Amino acid sequence: MSNITYNKISDELIKKIELDRKNHTEKNIPMVQIDVESGKIVNVNNFTYIDLDIYRKQVDIETKKRNLGLTARYNIITVGRIIPQKNPIFIAKSFVELCKLRDDCNFVWVGDGNLRTESERIFKQNGVQSRVHFLGQRADVNEILQCCNLFFMPSSFEGLGIVIIEAQAAGLPCLVSR
């Protein structure tokens, strides 16, 4: 391809982006903007800002795992309130089923909510409570994500969960609902 072709494609792309931005702004629809140079993601309408660097910073993972009590080979994580929207009963039952197949994984749950007790009951009834780590609300989610191998978020309904972007920034594969 010649430079002229690239420039034409770039110009068309920029026009489309500007039109989309205008339409999103007029309709008050959140739009994600990526600043490629700084590696930052900014949500233009509600000013959500994610500093990708904190999800990639060097963390002593083995020490962090030891401090969190994570001893299994694989750690699956979810981050969010433990409420109906986040589908915590499905999460609990899914991990119970996984435990029937594998004995080398832990589940890390960052967050709290009104369905925590019910989720804990499911884990206890099925004898897997020692493999589940409820961490409550945390300020070090970026470091905890780096200690895990898979992000799991099967929400019943969700827009764009910012935590998915954070998990991806930490390099985790993400298993999420549509």
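Please read these numbers as outputs of a predicted model, since none were measured by experiment.

Undergrad: Where do I start with the environment of Phe95 in this structure?
TA: One can find Phe95 in helix H3 (residues 88–101). C-alpha separation for the pair Phe95 and Phe123, spaced 28 residues apart in sequence, amounts to 8.5 Å. When residues no more than four places from it in sequence are discounted, the contact partners of Phe95 are Ile76, Cys105, Asn106, Phe107, Phe123, Arg131 and Val132.

Undergrad: Teacher, can you tell me more about the nonpolar core here?
TA: Most often, soluble globular proteins keep nonpolar side chains buried together rather than apart. In terms of nonpolar packing, the biggest core is built from 24 residues, with Ile77, Val79, Val108, Val110, Leu145 and Phe151 touching the most fellow members. Listed by contribution, the elements that provide at least two residues to this core are strand S4 (74–79), strand S5 (105–110), helix H5 (141–146), strand S7 (150–153) and helix H6 (162–169). Among the elements that take part in this core, H6 stands out by supplying 5 residues, more than any other. Once residues within four sequence positions are removed from consideration, Leu145 is found in contact with Tyr55, Ile77, Val79, Phe151, Glu166, Ala167, Ala170 and Leu172. Counting residues in each nonpolar core, the second largest holds 16 residues, with Ile82, Phe95, Phe123 and Val128 among its members.

Undergrad: Is there a simple way to think about the pairing of S7 in this case?
TA: As a general feature of sheets, a regular strand has side chains that alternate between the two faces. Sheet topology note: the S4/S7 ladder contains 2 bridges and is parallel. If you follow Ile76 over to S7, its bridge partner there is Leu150. When S7 meets strand S8 (residues 174–176), the two strands line up parallel, connected through 3 bridges. From the neighbouring strand, Met153 faces S8, where its bridge partner is Val176. Regarding the hand of the β-α-β motif, the stretch spanning S7, H6 and S8 is right-handed.

What counts and what doesn't
Residues numbered from 1 in each chain as written. Predicted model: local features only at pLDDT ≥ 70, side-chain atom pairs only at ≥ 80, totals over all residues. Heavy atoms only, no water. Helix = DSSP H or I, 4+ residues; strand = E, 2+ residues; numbered from the N terminus. Contact = heavy atoms within 4.5 Å. Core = buried A, V, L, I, M, F, W, Y, C linked by side-chain atoms within 4.5 Å. Buried < 20%, exposed > 50% of the residue type's maximum accessible area, 1.4 Å probe, protein only. Pairing = 2+ DSSP bridges. Right-handed = clockwise from strand over helix to strand, strands pointing away.

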